[in-house]
Amino acid sequence: MGKLRPGRVEWLASVHTERPRLFQNLLLLLWALLNCGLGVGAQGPGEWTPWVSWTRCSSSCGRGVSVRSRRCLRLPGEDPCWGDSHEYRLCQLPDCPPGAVPFRDLQCALYNGRPVLGTQKTYQWVPFHGAPNQCDLNCLAEGHAFYHSFGRVLDGTACSPGAQGVCVAGRCLSPGCDGLLGSGALEDRCGRCGGANDSCLFVQRVFRDAGAFAGYWNVTLIPEGARHIRVAHRSRNHLALMGGDGRYVLNGDWAVSPPGTYEAAGTHVVYTRDTGPQETLQAAGPTSHNLLLQVLLQEPNPGIEFEFWLPQERYSPFQARVQALGWPLWQPQPREVEPQPPAAPAVIPARTPTLAPDPCPPCPDTRGRAHRLLHYCGSDFVFQARVLSRHRQAQETRYEVRIQLVYKNRSPLRAREYVWAPGHCPCPMLAPHRDYLLAVQRLVSPNGTQDRLLLPHAGYARPWSPAEDSRIRLTARRCPI
């Protein structure tokens, strides 16, 4: 909580005194505010109370939802507090016993034998998963070709069978790595929730030894704690993997293993081989002990690329172990790998791996006052929002945004909304975890089943800044009524 401004200390103190003196203290507070000139001119947002404790899980078995809340304390004239008043997290309880009725089925069954649809007819209801909103209680009448929506499902209901997301207040939310639903928090390459890849190192090398004879050759040690392991080559040779106990995980003892997923060092190793010929090994990690990567040579080695992320504190032991085994620490790098000075170790400091070129074509130029005025006047909503996540589905891109400041709205907006954009390469492309000024339109389908906020192609979307805020306020005065 930030530093309290003048007047706030007295007010908070008065709230916590005994009840008989509460009214008297409030009168004294108002008198002090008026005398100090702070009553009407208070600036900035209010301040949050501490979070209350998490509620009990909404379910008695399986997955459910727990919630906690806080209140906004505001002086007269202050803006609402920034942020959310409620947080939801996923709670995982022991699995439900075999044969237990699923949660959504139970909710539909509550309407069995009850008259609905304005008639005295009764039906038996089962869940229907083909409706547009998966967080509505859509139930199919058994033996009939229609379904009925009974409103929202209860919080903690799975969005669909087998899905990770659960419904909260009518919205399908997925848990972030912090356990909070809808937070969008992700693990970095080091395995830290919300991290910036600054606690581990990116090891990337190429094994180019041609080998003097056919047989097994050591490529590298994959140390304990390695994450996001990837090995690839193109030849008729075969990659082999040996566990810490000296037993082969795959392609050992001159026998070629089939492609598939193998258990090794506490992680799943995915082994692929095509007619290219190309072989790859991939594993998410982290590894629970060392693995030895080898190659079974049958022809000259054109180069085996391997990479993994390693905690910084584990790199020195890894380097010492490799030196003790007599393997070179420095290998020539392929062209696409950033060249390193000869004296530098063959480890690139923690950074995001180079991504493939973006296949999206450049967007048209949409700068200028005329463009801003056109979209502001023709839009239904103009607001500042933070992009929480981006999801591509079918031929559309869906952004989940948190509304922070509204400049124009023709109907109420929720604190969090979905904004849709046409195509997999919308223009402009919005980046998660950044603030934007957006002008969007409301799009309602003819049958009323969809009500969306649409960001049109080449529409108005600017990174938010104080300068953009001033420009959009000036545009609002020039827009015809």
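Predicted, not measured: the structure shown is a model, and the values here were computed from it.

A. Examining the nonpolar core more closely. Formed by 32 residues in total, the largest nonpolar core has its most connected members in Val231, Leu241, Leu281, Leu293, Phe308 and Phe318. Beyond its immediate stretch of four places on either side in the chain, Val231 contacts Leu239, Glu279, Thr280, Leu281, Leu293, Ile304, Glu305 and Phe306. Membership of the second largest hydrophobic core comes to 16 residues, among which are Tyr399, Leu430, Leu438 and Val440.

B. Spatial organisation of the packing of helix α5 (residues 369-378) against helix α6 (residues 466-478). For the pair α5 and α6, the least separation of the axes is 10 Å and the interaxial angle reads 60 degrees. Crossing geometry of α5 relative to α6 is assigned as right-handed. Every residue of α6 that contacts α5 at Arg369, Arg372, Leu373 and Tyr376 is listed here: Glu468, Arg471, Ile472, Thr475, Ala476 and Arg478. Taken together, the residues of the contact of α5 with α6 break down into four nonpolar, one polar and five charged.

C. Inspection of the pattern of salt bridges at higher detail. All chains considered together, the criterion is met by 15 salt bridges. What you see here is one network of salt bridges that share partners, running through Asp84, Arg171, Glu400, Arg402 and Arg416.

D. Main features of the pairing of strand β12 (residues 227-233). Here β12 runs beside strand β19 (residues 304-311); their pairing, made up of four bridges, is antiparallel. By the bridge assignment, Ala232 is partnered in β19 with Glu305.

E. Fine view of the state of the cysteines. Counted according to the given criterion, the structure contains nine disulfides. The side chain of Cys61 participates in a disulfide bridge whose partner is Cys96; the two sulfur atoms lie 1.9 Å from each other. Taking the sign of the S-S torsion, 90 degrees for the link of Cys61 and Cys96, the bridge is right-handed. With a gap of 35 residues between them, Cys61 in the loop between β1 (47-48) and β2 (63-69) and Cys96 in the loop between β4 (86-92) and α3 (103-109) connect regions that are remote in the sequence. By relative accessible area, which is 19% here, Cys61 ends up buried. Here Cys159 is linked by a disulfide to Cys172, with a sulfur-sulfur distance of 2.1 Å.

Thresholds applied
- Residues numbered from 1 in each chain as written.
- Predicted model: local features only at pLDDT ≥ 70, side-chain atom pairs only at ≥ 80, totals over all residues.
- Heavy atoms only, no water.
- Core = buried A, V, L, I, M, F, W, Y, C linked by side-chain atoms within 4.5 Å.
- Buried < 20%, exposed > 50% of the residue type's maximum accessible area, 1.4 Å probe, protein only.
- Contact = heavy atoms within 4.5 Å.
- Axes fitted to C-alpha atoms, helices over the stretch in contact; angles between N-to-C directions.
- Helix = DSSP H or I, 4+ residues; strand = E, 2+ residues; numbered from the N terminus.
- Left-handed = near helix turned anticlockwise from the far one by under 90°.
- Nonpolar A, V, L, I, M, F, W, Y, C, P; charged D, E, K, R; others polar.
- Salt bridge = Lys/Arg side-chain N within 4 Å of Asp/Glu carboxyl O.
- Pairing = 2+ DSSP bridges.
- Disulfide = S-S within 2.5 Å.

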